[in-house]
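Here is what each chain is made of, one letter per residue.
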Amino acid sequence: QVQLVESGGGLVQAGGSLRLSCAASGSIFSINVMGWYRQAPGKQRELVAVITSGGSTNYGNSVKGRFTISRDNAKNTVYLQMISLKPEDTAVYYCAADIRHTIAGAIFRYWGQGTQVTVSS
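I will try to describe carefully the structure that is included in this document. Remember, it's a predicted structure, so these values are computed and weren't measured experimentally. (Residues numbered from 1 in each chain as written. Predicted model: local features only at pLDDT ≥ 70, side-chain atom pairs only at ≥ 80, totals over all residues. Heavy atoms only, no water.)

1. A word on the nonpolar core
Spelled out, the test is: What we call a nonpolar core is a set of buried Ala, Val, Leu, Ile, Met, Phe, Trp, Tyr and Cys residues that are connected through their side-chain atoms within 4.5 Å. The rule is simple: take the accessible area with a 1.4 Å probe, protein chains only, and divide by the maximum for that residue type; under 20% is buried, over 50% is exposed, in between is partly exposed. Under the DSSP-based scheme used, a helix requires at least four consecutive residues in state H or I and a strand at least two consecutive residues in state E, with every element numbered from the N terminus.
Residues Trp36, Leu80, Met82 and Tyr93 are the most contacted members of the largest nonpolar core, which totals 30 residues. Sorting the residues of this core by element identifies β1 (2-7), β3 (18-26), β4 (30-39), β5 (46-51), β7 (67-72), β8 (77-82), β9 (91-100) and β11 (115-120) as the ones contributing at least two each. The element best represented in this core is β9, accounting for five residues.

Right, dumping it as structure tokens:
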């Protein structure tokens, strides 16, 4: 019913930058919160950043000041601009979206397939 397609991951040196994108498609009436989470090997999935349809944002403590989340509501797309990357940012980054399929329907959370970000020292 809904697909979240991520792009923009890759290998970068410490101090470098990357921009992730995630586009939602399918049976969508509205999207409330969109965001990014990440999971490093042997660790739990953690919040990176989220943004509401109105533009309010929340960031994980480890990325504040370095990452910026934004979204294009017309395109159902969320972006994550990452600068000053560190080796500890290495993880699989997952896009998430809280989607309502009908005007009065429940909200469901969907996840992307994940994109690998690797930061070399």
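Let's pick the thread back up.
2. A look at the state of the cysteines
Each disulfide consists of one covalent bond between the sulfur atoms belonging to two cysteines. Definition in use: Disulfides are defined as pairs of cysteine sulfur atoms found within 2.5 Å of each other.
Enumeration according to the criterion identifies one disulfide in this entry. Two residues, Cys22 and Cys95, share a disulfide whose sulfurs are 2.0 Å apart. What sets the handedness of the Cys22 and Cys95 disulfide is the S-S torsion sign, and at about -80° it is left-handed. Within this pair, whereas Cys22 is found in strand β3, its partner Cys95 is found in strand β9, the two being separated by 73 residues in sequence. A relative accessible area of 0% places Cys22 in the buried class. Note on Cys95: relative accessible area 0%, which makes it buried.

3. Looking at the sheet that holds β8
This is how the line gets drawn: Each pair of strands is called paired provided DSSP finds at least two bridges between the two strands. To define axes, lines are fitted to C-alpha atoms, for helices over the stretch in contact only, and angles between the resulting N-to-C directions are given on a 0 to 180 degree scale.
With respect to topology, four strands assemble into an open sheet ordered β1-β3-β8-β7, the strand pairing being antiparallel. The open sheet has two free edges, formed respectively by β1 and β7, since each of these has just one partner strand. Put simply, the sheet's adjacent strands are angled 15° from each other on average, direction ignored. Here β7 pairs with β8 via six bridges, running antiparallel. Residue Thr68 lies in a different strand from β8, and its bridge partner there is Gln81.

4. Describing the environment of Gln113
Tracing the chain through its elements places Gln113 in the loop between β10 (107-111) and β11. Sequence-wise, Gln113 and Gly65 are 48 residues apart; in three dimensions their C-alpha atoms are separated by 26 Å.

5. Some thoughts on the packing of aromatic side chains
How we decide: Two rings belonging to Phe, Tyr or Trp (six-membered ring only in the last case) form a pair when the distance between their centres is within 6.5 Å. Interplanar angles under 30 degrees mark stacking, angles over 60 mark edge-to-face geometry, and anything in between is tilted. Two thresholds decide whether a charge sits over a ring: the Lys NZ or Arg CZ must be within 6 Å of the ring centre and within 35 degrees of the ring normal.
Per the stated rule, a full pass over the model turns up one aromatic pair. Relative to Trp111, the ring of Tyr37 lies with its centre 5.2 Å away and its plane at 65°, an arrangement referred to as edge-to-face. Placement of the pair is Tyr37 in strand β4 and Trp111 in strand β10, with a sequence separation of 74 residues. Between the NZ or CZ atom of Arg19 and the centre of the ring of Tyr79, over which it lies, the distance is 4.2 Å.

6. Re the pattern of salt bridges
So the rule is basically this: By definition, a salt bridge exists where a carboxyl oxygen of Asp or Glu is found within 4 Å of a side-chain nitrogen of Lys or Arg.
A full pass over the atoms with the stated rule returns four salt bridges. A salt bridge links Asp89 to Arg38; its shortest N-O distance comes to 2.9 Å. Linking Asp89 in the loop between β8 and β9 with Arg38 in strand β4, this pair joins segments that are 51 residues apart in sequence. By the burial criterion, Asp89 is buried, and Arg38 matches it. A salt bridge links Arg109 to Asp98; the shortest N-O distance between them is 2.7 Å. Remark: Asp98 occurs in strand β9 and Arg109 occurs in strand β10; sequence separation between them is eleven residues. Exposure remark for Arg109: the relative accessible area of 38% places this residue in the partly exposed category. Connected via shared salt-bridge partners are Arg38, Glu46, Arg66 and Asp89.

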